[in-house]
Amino acid sequence: MTITKIKKDHLRLIFDRLKDSYKLVGPRVENDVIVLTEMDFHDIPAGYKDLHGKGVYRLSGNKDSNTFSFSLGPDSFKRFLSPPVREIFAFKKSKKGISANVSSKEEKPTAFIGMRACDISALKLYDKVFLEGPVRDTGYDSLKRNSLIIAVNCLYPNGNCFCDSLGTGPEVRDGFDLAITEIQDSFLLETGSSKGSEILNGLTIEEVSDKEMDEKNSRTEDCKKTIKRHIKVNDLPWVIYRNPEHPRWTDVASRCLACGNCTQVCPTCFCNSSYDRLELSGISKKSREISGNKVRAWDSCFSKNFARVHGGNFRPSRRARYRHWMTHKLAYWIEQFGSPGCVGCGRCITWCPVGIDITEELEAIRK
Amino acid sequence: MKRPRIGVFKFTSCDGCQLSIMNLEEKFLDLLELFDIAYFRETTDRPLTGHFDISIVEGSISTAWQKNDIVDIRERSRYLITIGACATAGGLQALRNWGSITDYKNYIYPSPVIINVLSTSTPISEHVYVDYELWGCPINEKAFSETLISFLIGKKPGIPIYSLCMECKRMGLPCILVSKSEPCLGPVTRAGCGALCPYFQKPCYGCFGPKEDANIESLLKQFQNMGLTQKECILLLDKMNTYAYRKAKIERS
Ligand code: SF4
Ligand code: SF4
Ligand code: SF4
Ligand code: SF4
Ligand code: SF4
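Because the structure is predicted, anything quoted here is derived from the model rather than measured. (Residues numbered from 1 in each chain as written. Chains lettered and ligands numbered in written order. Predicted model: local features only at pLDDT ≥ 70, side-chain atom pairs only at ≥ 80, totals over all residues. Heavy atoms only, no water.)

## Here we look at the domain arrangement of chain B
All names here are of chain B.
Reasoning step 1: Under the domain assignment, chain B is made up of domain 1 (5-152) and domain 2 (164-252).
Reasoning step 2: Each of domain 1 and domain 2 has a C-alpha centre, and these two points are 25 Å apart.
Reasoning step 3: Among the residues domain 1 hides against domain 2, the three largest losses belong to W98, W135 and C137. Together they make up 45% of the total.
Reasoning step 4: Summed over the shared surface of domain 1 and domain 2, the result is 1 salt bridge.
Reasoning step 5: The closest approach of N and O atoms between K247 and E126, which form a salt bridge, is 3.4 Å.
Reasoning step 6: Our count for the domain 1 to domain 2 interface comes out at 5 residue pairs in polar contact (both at pLDDT 80 or more).
Reasoning step 7: Classifying every residue of the side of domain 1 that touches domain 2 by side-chain character gives 10 nonpolar, 5 polar and 1 charged. (Domains from an automatic or database assignment. Buried area = accessible area lost by both parts, 1.4 Å probe. Salt bridge = Lys/Arg side-chain N within 4 Å of Asp/Glu carboxyl O. Polar contact = N/O pair within 3.5 Å; in protein donor to acceptor, adjacent residues only side chain to side chain. Nonpolar A, V, L, I, M, F, W, Y, C, P; charged D, E, K, R; others polar.)

And the structure:
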């Protein structure tokens, strides 16, 4: 890994260069929230600060002189690598039999701009689920393989960040093509792959002084110090396994809406359901033909029909469903994939309409 | 093969859901290929005769004779499907369930004595067995055709019972409850509309009715933390699905 630097106003050149071969996806302000969409250099919410509470989010502009002054919005990059609704194949059933057609669209590869350490860690977990398991998700594979990751080291954590406790941030260590650290007068650039170094070819890059390295390290330390939320992990998964009947589960169920927001914003939640999409025009009584599409969409363990089998759902109550969600994140995952299924991004806390806080619930289960 | 016979019936309602069927436009022609629309007063003057494979019922029961008519329709039908908030939850007119019908009559009509109605407006399912319910004010056309397709090929309709938030998040809409403290009913409301109101930065007012296992108490408590009074909270529920939301609220608390 090599580290160089560019002048602050040269960042735009990197964007210009990327645009030729990539679709740029990154942070942009939409209706007073930082979302991830297709964007360009001038869309970066530079100077914006986002305030995160339990079930509360507020964004304000012109608050800081840094370009990457903001933290995370509700979207994670899973929106692009495992899209919310995706057509898997088209099918046709006729007297001759059943045929299926996998539609493959050639798309311009995507460059993900401004990915934080927690989200990079989440992507590694996604790889475990979608690529390293018994079945490879070819859709995810091709989207991921062609993409480029431009990471950003966090300057300011938000009030719900707790990556530090899980070792998933705030410092970006690997899993990127290019990583940006903002210091007072320039951007420091670390390259993590040959694709990453290629981007810098021909740009005016300069050497990094010891003083600037110190500034980088002290900025990372400052960020760590301002992380207010923590989670104890040394007694996981057993503290949860030992407490399936803890009264706190009933308490959280009285607050939980089973709305699924926490799972939709979580960068590691991966659950999907698939269904057949049929149109009236796809059915012909005369020729006895049915044609339609198999579609896959994000689902959630909070919905009653998810995990429903003949006779019902093994988790019929909100109590059982919340308990399952937290147990999966903080306990089953450890056995399934070797690490917790939480990277401490805090999104589930911010975007829960009633402000349920996973760190607080875990602490309560301990008592 | 004979096309299944369909009847479309109306009780107390605004006809909006029937209009949604007509809004299928060219798809309506596909519908005619597959089904025999034997009774549908909005589109044809074919008289009411015989039995139906599927009866589609709009509107709530709010008069004495409707109570008899719905039994007659049920007896003529193999399957009975209700469409919309009125038929499925009693509609906006069910607001009278919480007040006095005489007061309402006197307040609204110049000659209240000629208004011969029941003191309540109730969903079809309180009167006869209903095979399937489609929510919405009005219903979503896609959900309607999905239901008919399911009948044709013998599958369960793929219509979500989870929250509107799921749909809202899939669409990538910034949440106005969290980012602006708008009292959005999305977390306790069924998906199905395509998150129409949040798309326009407006809070959902619940026209698709309560989702399964809706925890209304908890959401209203949060609205109170955001500054709404208890009365304002109840008023949020008192729209076209008032009967269903209030029932869900009582049953869960
Ligand atoms: S959780 Fe950590 S890595 Fe993620 S945004 Fe917060 S500080 Fe940055
Ligand atoms: S924890 Fe919050 S976001 Fe998650 S399902 Fe419950 S109420 Fe919804
Ligand atoms: S469980 Fe919550 S804090 Fe953990 S990764 Fe998911 S959204 Fe982030
Ligand atoms: S805007 Fe409304 S429907 Fe959308 S996520 Fe927020 S609460 Fe749910
Ligand atoms: S957002 Fe709510 S009120 Fe608006 S159309 Fe959808 S269900 Fe109806």
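From this point, things continue past the structure.
## A word on the sheet that holds strand β2 (residues 36-40) of chain B
All names here are of chain B.
Reasoning step 1: Strand order in the open sheet formed by 5 strands is β2-β1-β3-β4-β5, and the pairing between neighbours is parallel. Taken across any chain shown, the strands that pair with only one partner, and hence form the sheet edges, are β2 and β5 (132-134). Each neighbouring strand pair of the sheet contributes to a mean axis angle of 20 degrees, computed without reference to strand direction.
Reasoning step 2: Pairing analysis gives 4 bridges linking strand β1 (residues 5-10) to β2, with the strands arranged parallel. (Pairing = 2+ DSSP bridges. Helix = DSSP H or I, 4+ residues; strand = E, 2+ residues; numbered from the N terminus. Axes fitted to C-alpha atoms, helices over the stretch in contact; angles between N-to-C directions.)

## Comments concerning the interface of chain B and chain A
Reasoning step 1: Taken together, the contact between chain B and chain A spans 37 residues of the former and 47 residues of the latter.
Reasoning step 2: Between chain B and chain A lies a buried interface of about 3700 Å² when both sides are counted; carbon and sulfur atoms form 58% of it.
Reasoning step 3: When the area that chain B buries against chain A is broken down by residue, the three leading residues are K169(B), R170(B) and V178(B), summing to 19%.
Reasoning step 4: Counting every contact that joins chain B to chain A gives 6 salt bridges.
Reasoning step 5: E212(B) is the partner of R321(A) in a salt bridge, and the nearest nitrogen-oxygen pair spans 3.5 Å. (Contact = heavy atoms within 4.5 Å.)

## Here's the deal with the nonpolar core
Residue and element names in this part refer to chain A.
Reasoning step 1: Grouped together as the largest cluster of nonpolar side chains are 86 residues, with contacts concentrated most on L11, I14 and Y322.
Reasoning step 2: Counting residues per element, this core draws most heavily on helix α11 (residues 318-337), which supplies 5 residues.
Reasoning step 3: Sequence-distant contacts of L11, defined by excluding residues within four places in its chain, comprise I6, F41, I44, F68, I180 and F187. (Core = buried A, V, L, I, M, F, W, Y, C linked by side-chain atoms within 4.5 Å. Buried < 20%, exposed > 50% of the residue type's maximum accessible area, 1.4 Å probe, protein only.)

## Quick word on the site of ligand 3
Residue and element names in this part refer to chain A.
Reasoning step 1: Near ligand 3 you find F162, C266, P267, W325, K329, C342, V343, G344, C345, G346, R347 and C348, and these make up its full shell.
Reasoning step 2: Those elements that provide at least two residues to the shell around ligand 3 are α11 and α12 (347-350).
Reasoning step 3: Broken down by class, the residue content of the shell around ligand 3 amounts to 8 nonpolar, 2 polar and 2 charged. (Near = heavy atom within 4 Å.)

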